[in-house]
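# A closer look at the structure
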Amino acid sequence: MLIDVSELLTKPIGEERNLEIKEKIDAEDIIFLSPISGNVTLMGTDAGVLATFSIRAKIKLVCARCLDEFEKAVNLNFSQEYIENSKDEAECRISTKGEIDITESIRQEILLEIGVGELCRKDCKGLCPECGVNWNHKKCKHFKKR
Ligand SMILES: [Zn+2]
Ligand SMILES: [Zn+2]
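Residues numbered from 1 in each chain as written. Chains lettered and ligands numbered in written order. Predicted model: local features only at pLDDT ≥ 70, side-chain atom pairs only at ≥ 80, totals over all residues.

Glancing now at the overall build of the protein. Along the backbone of the protein there are two helices and seven strands. Listing the helices and strands of the protein from first to last along the sequence gives β-α-β-β-β-β-β-β-α. Its C-alpha atoms give the protein a radius of gyration of 21 Å, more than 25% over the compact-globule value 15 Å for 146 residues. Overall, the C-alpha framework of the protein stretches about 70 × 30 × 25 Å when taken along its three principal axes. By the burial criterion, 11% of the 146 residues in the protein qualify as buried. A fraction of 55% describes how many contacts in the protein between residues 6 or more apart in sequence connect residues 24 or more apart. (Helix = DSSP H or I, 4+ residues; strand = E, 2+ residues; numbered from the N terminus. Rg over C-alpha atoms; globule rule 2.2 N^0.38 Å. Buried ≥ 20, exposed ≤ 12 C-beta atoms within 10 Å, placed from the backbone. Contact = placed C-beta atoms within 7 Å.)

Attention now goes to the environment of Asn134. The topology assignment puts Asn134 in the segment after helix 2 (103-114). In the structure, Asn134 is positioned 97 residues away from Ser37 in sequence and 34 Å away in space, judged by C-alpha atoms. Contacts of Asn134, omitting those with residues within four sequence positions, involve Cys66, Asp68 and Leu127.

As paired strands, strand 2 (residues 16-23) and strand 4 (residues 36-44) are joined by eight bridges and run antiparallel to one another. Bridge pairing in strand 4 links Glu23 to Ile36. Two elements, strand 4 and strand 5 (residues 48-62), share eight bridges in a ladder whose sense is antiparallel. Bridge assignment links Leu42 to a residue of strand 5, and that residue is Ala51. Taken together, strand 4 and the strand that follows it, strand 5, pair antiparallel across an intervening segment of three residues. (Pairing = 2+ DSSP bridges.)

This brings us to the nonpolar core. With 13 residues, the main nonpolar core has Val49, Ala51, Tyr82, Ile94, Ile100, Ile102 and Ile106 as its most contacted residues. For this core, the secondary structure elements donating two or more residues are strand 4, strand 5 and helix 2. Of all the elements, strand 5 adds the most residues to this core, at four residues. Those residues in contact with Ile102, other than ones at most four positions away along the chain, are Met1, Ile3, Val40 and Ala51. (Core = buried A, V, L, I, M, F, W, Y, C linked by C-beta atoms within 7 Å.)

We now examine helix 2. Taking 1.5 Å of rise per residue, the twelve residues of helix 2 would be expected to cover 16 Å, and the 17 Å separating its terminal C-alpha atoms lies within 8% of that figure. Downstream of helix 2 by one or two residues, Gly115 has phi in the positive range, about 50°. (Expected span 1.5 Å × (residues − 1).)

Right, let's get into unusual backbone geometry. Look at Leu67: it is not a glycine, yet its phi comes out positive at around 70°. A positive phi angle, near 55°, is found at Asn85, a position not held by glycine. Secondary-structure assignment places Asn85 in the loop between strand 6 (69-83) and strand 7 (99-101). A count of 9 C-beta atoms within 10 Å places Asn85 in the exposed class.

Next up on the list: the pairing of strand 5. As judged from the two bridges shared by strand 3 (residues 31-32) and strand 5, these two strands associate in the antiparallel manner. Bridging from a neighbouring strand, Ile31 pairs with Lys60 of strand 5. Pairing between strand 5 and strand 6: 15 bridges, direction antiparallel. Pairing of Gly48 across the sheet is with Ile83, part of strand 6.

Assignment of secondary structure puts Arg17 in strand 2. Residues Arg17 and Thr41 lie 24 residues apart in sequence; the distance between their C-alpha atoms is 5.7 Å. Other than its neighbours up to four places away in sequence, Arg17 contacts Leu8 and Leu42.

Pasting the structure below:
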């Protein structure tokens, strides 16, 4: 998603704009079950624009213990500065057209949020190591209460 910040760049530092976000994002490594929604506040800084996000989305994950798919709601509050006239590849930049691309920032933030080893629920019982039955759904003869 591209946001045109060229108008804001002509304003004094500290000037703010608030935008609503409702955007379907496609990412190879995240399965979204809903569009991203929320809002972003853009503020002019001496280097460019500081974007403060407050967004939410539903994503699909695979449980690290039982391998079932489950839905997770993520709520993110984070800030990202976009730099004007930057030559540094590693920085988030404002394009020469005065646009910022917020999709990559959101994707990175969600990846940090979900991390590894997410479980479908806190007390997920996992798979039977003997026969592979999913103990959340069914108890096989190997199941004993721990
Ligand atoms: Zn599980
Ligand atoms: Zn079993």
